[in-house]
Amino acid sequence: MQEQPQPTEQPRRSFLKYVLTGGLVAWAGSVLYPILAYLKPPIQPEVEVSSVKAGKLADIPKESGTIIKFGSKPVILVRSAKDELRAFDATCTHLDCTVQYNKDKGMLWCACHNGTYDLTGRNVGGPPPRPLEEYRVITQGEEVLISKKS
Amino acid sequence: MKQKLSKLYSWIDERVELQDLVQFMGKKYVPIHSHSVWYYFGGVSLFLFIIQVITGIMLLLYYKGSEELAFESIQFIISKVQFGWLIRSIHSWAANLFVLAAMIHMFSVYFEKAYKKPREITWLTGMLMFFMALGFGFSGYLLPWNELAFFATKVGTDIAGVVPVIGEPILMFLRAGEDVTGATLSRFFGFHVAVFPGIFTVLLGIHLVLVQRQGMSEPEGFDPNVKEKTMPFFPNFLLRDLLLWLIVLNILAILAVFFPWELGKKADAFAPAPAGIKPEWYFMFMFQTLKFIPAKVLFIDGEILGILAFGFAGALWMFVPFWDRKSAQGEKNKLVNYLGIFAVIYIIILTTLGWFL
Ligand code: FES
């Protein structure tokens, strides 16, 4: 008599255990999911910029680098000593600082960790792991335009 | 007067049973020995934290945490509000002294091996509070929204983003988007004044109750039964603590008055990073290490290697009570000392290099 209920009791208990833990997990998930989802910032649709005006050629001095707003990203327009116009993504490939034109070295330079790039955007010194992305520069008469390379 | 006080005391005592509390505090003894001076730094950290809470709340009354107004509101605090410059300067200086005091405290606990059983939880809460102190520093640094802070935050969050797999979501979470913007500022503001203080207070409560319950850790071979070798914590040691707090307050005041904290230039997302940019001194050794590691080591990116190494070192440090079985059994563990000495020397050398290079 005593042994009889054992086999039926056991599965019932483990069934209850599954239901309870399952319920608990589901409950925790339904609490956590909205919280985690809330913490993740929504993606703001950005206006796709395909090209921007960088100004008049006459206003850009030789041996200089100017930061141009390309949508929400900084782009650096370089006019070299040899009078070449080139534009690059100004965000350093190392840890995201903004690069500048260094006249003494005739190079692009990042002040954060002393990274350097030559005037073709190649990473030539310091910690940057990749070259800067190049943008296209078009001169229409006096006007200088920058656009994304596709 | 005295009568009135004792009446007040017994009035409260009847209701909240102060007697227990006084007994609880009176039970603790502070061992007196040649390394006793290290016992003070926990208290000093606590004191500086209290100062941070008070000055922080004061700043909160005028500060505005938005991209357009943050810089201006601090300008307003330091130029228009009476003693605003002083409060801000104290908050910034105390933050640095807090990290310093906590660091000394952590290292002294480490070298004295005071983390060993039964104090593992005390050590863990302390470690978490220390990491949190760095988090306070990092999040608070951005709030003035100046140029240095802007790029420091870019670099700091980008470092988090380099971590394989989990890095990218963390980066998005920290920056509240792909770039450092006003949204990042709001987020950091929230961390700095609500999330961190809340968690920190809980940890601090556990930490202090444990310290009180377990008493001070004694160095090896110390005989607590000799009466001259101990001192009651309450009130004797506490009074010494308070005296030191007064000295720290004076140092703080001198620093804050004679070297007021600068505000710098307002952040501009379209300006190049300024030359001579440096992180706060307590991140300097890591920053400097990242400068030295080449872009690629074998096939791994330099930064990833550096970050993983620091993560590993941090974990090793945090879990020292669990791998240092020798000290727990009362044996000497030289390895722990060597690692600690190496860490101290490493930090000092790289910090100096970072400062002068
Ligand atoms: S961010 Fe440019 S060198 Fe590190």
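Here the structure is shown first, and the text comes after it.
Notes on the structure follow.

Rules and cut-offs
Residues numbered from 1 in each chain as written. Chains lettered and ligands numbered in written order. Predicted model: local features only at pLDDT ≥ 70, side-chain atom pairs only at ≥ 80, totals over all residues. Heavy atoms only, no water. Helix = DSSP H or I, 4+ residues; strand = E, 2+ residues; numbered from the N terminus. Rg over C-alpha atoms; globule rule 2.2 N^0.38 Å. Buried < 20%, exposed > 50% of the residue type's maximum accessible area, 1.4 Å probe, protein only. Contact = heavy atoms within 4.5 Å. Areas by Shrake-Rupley, 256 points an atom, 1.4 Å probe, with all protein chains shown as cover. Pairing = 2+ DSSP bridges. Phe/Tyr/Trp six-rings, centres within 6.5 Å; stacked < 30°, edge-to-face > 60°. Lys NZ or Arg CZ within 6 Å of the ring centre and 35° of its normal. Buried area = accessible area lost by both parts, 1.4 Å probe. Salt bridge = Lys/Arg side-chain N within 4 Å of Asp/Glu carboxyl O. Polar contact = N/O pair within 3.5 Å; in protein donor to acceptor, adjacent residues only side chain to side chain. Axes fitted to C-alpha atoms, helices over the stretch in contact; angles between N-to-C directions. Disulfide = S-S within 2.5 Å. Core = buried A, V, L, I, M, F, W, Y, C linked by side-chain atoms within 4.5 Å.

1. Re the overall build of chain A
Now for step 1: A tally of helices and strands in chain A yields one helix and 10 strands.
Now for step 2: Ordered by position from N to C terminus, the α and β elements of chain A give α-β-β-β-β-β-β-β-β-β-β.
Now for step 3: Its C-alpha atoms give chain A a radius of gyration of 30 Å, clearly above 15 Å, the size a compact globule of 150 residues would have.
Now for step 4: Its C-alpha atoms put chain A at 105 × 35 × 25 Å along the principal axes.
Now for step 5: Out of the 150 residues belonging to chain A, those deemed buried represent 35%.
Now for step 6: Taking as baseline every contact in chain A between residues at least 6 positions apart, the subset at least 24 positions apart corresponds to 38%.
Now for step 7: Accessible surface for chain A amounts to roughly 9800 Å². Of this, 57% is attributable to carbon and sulfur atoms.

2. Some remarks on the pairing of strand β4 (residues 85-89) of chain A
Residue and element names in this part refer to chain A.
Now for step 1: Relative to β4, strand β3 (residues 73-79) is paired through five bridges, and the arrangement is antiparallel. The residue of β4 that forms the bridge with V75 is D89.
Now for step 2: In this structure, the hairpin formed by β3 and β4 is closed by a connection of five residues, where D83 is found at a positive phi of approximately 65 degrees.
Now for step 3: In this sheet, strand β9 (residues 134-140) lies alongside β4 in antiparallel orientation, the contact comprising two bridges. Looking across to β9, one finds that F88 is bridged to E134.

3. Topic: the packing of aromatic side chains
Residue and element names in this part refer to chain B.
Now for step 1: What the rule picks out here adds up to 33 aromatic pairs over all chains.
Now for step 2: Pairing F285 with F310 gives two aromatic rings, centres 5.8 Å apart and planes at 80 degrees, and the pair type is edge-to-face. Residue F285 is located in helix α11 (residues 281-292), and its partner F310 is located in helix α12 (residues 302-318); the two are separated by 25 residues in the primary sequence.
Now for step 3: These aromatic residues form a ring-pair network of at least three members: F49, F98, F136, F138, F173, F188, F191, F196, F200, W281, Y282 and F283.
Now for step 4: The lysine or arginine in question, R15, covers the ring of W11, its NZ or CZ lying 3.9 Å from the ring centre.

4. Some thoughts on the interface of chain B and chain A
Now for step 1: Opposite the 27 residues of chain B that make contact, chain A presents 23 residues.
Now for step 2: Carbon and sulfur atoms make up 63% of the area that chain B and chain A hide from each other, which totals about 2200 Å².
Now for step 3: Where chain B packs against chain A, one counts two salt bridges.
Now for step 4: Summed over the shared surface of chain B and chain A, the result is six residue pairs in polar contact (both at pLDDT 80 or more).
Now for step 5: Listed by contribution, the elements that provide at least two residues to the side of chain B that touches chain A are α7 (147-162), α8 (167-175) and α11 of chain B.
Now for step 6: A total of six residues in the side of chain B that touches chain A trace back to one element, the largest contributor, which is α7 of chain B.

5. A look at the pattern of salt bridges
Should their charged atoms come close, side chains of opposite charge can pair.
Now for step 1: Under the counting rule described, the total for this entry stands at eight salt bridges over all chains.
Now for step 2: Residues D83 of chain A and R79 of chain A are paired through a salt bridge, measuring 2.7 Å at the closest nitrogen-oxygen approach.
Now for step 3: Residue classification places D83 of chain A among the partly exposed residues on the basis of a relative accessible area of 39%.
Now for step 4: Residues E147 of chain B and K265 of chain B are paired through a salt bridge, measuring 3.9 Å at the closest nitrogen-oxygen approach. Here K265 of chain B lies in the loop between α10 (233-258) and α11 and E147 of chain B lies in helix α7, a separation of 118 residues in the sequence.
Now for step 5: One continuous salt-bridge network, built from bridges that share partners, spans D96 of chain A together with D158 and R175 of chain B.

6. Brief notes about the sheet that holds β4 of chain A
All names here are of chain A.
Now for step 1: With respect to topology, six strands assemble into an open sheet ordered β1-β10-β9-β4-β3-β2, the strand pairing being antiparallel. A strand with exactly one partner marks an edge of an open sheet, and here the two such strands are β1 (51-56) and β2 (64-70). Between one strand axis and the next, the sheet turns through 30 degrees on average, direction left out of account.

7. Focus on the state of the cysteines
Note on terminology: disulfide describes a covalent bond linking the sulfur atoms of two cysteines.
All names here are of chain A.
Now for step 1: Applying the stated criterion to the full structure yields one disulfide over all chains.
Now for step 2: With its sulfur 1.9 Å from that of its partner, C97 forms a disulfide with C112. With the S-S bond torsion at -80 degrees, the cross-link from C97 to C112 turns out left-handed. Of this pair, C97 sits in the loop between β4 and β5 (100-102) while C112 sits in the loop between β6 (107-110) and β7 (115-117); the two residues are 15 residues apart in sequence, bridging distant segments of the chain. Neither C97 nor C112 differs from the other in exposure class; each is buried.

8. A word on the nonpolar core
Now for step 1: Membership of the largest hydrophobic core comes to 71 residues, with the highest contact counts inside it found for V99, L108 and C112 of chain A together with L48, W145, F200 and L252 of chain B.
Now for step 2: Excluding its chain neighbours within four sequence positions, the residues that come into contact with L252 of chain B are L48, I51, I90, W93, A94 and L97 of chain B.
Now for step 3: Within the second largest apolar cluster, 22 residues are counted, among which are A102, M106, W317 and I347 of chain B.

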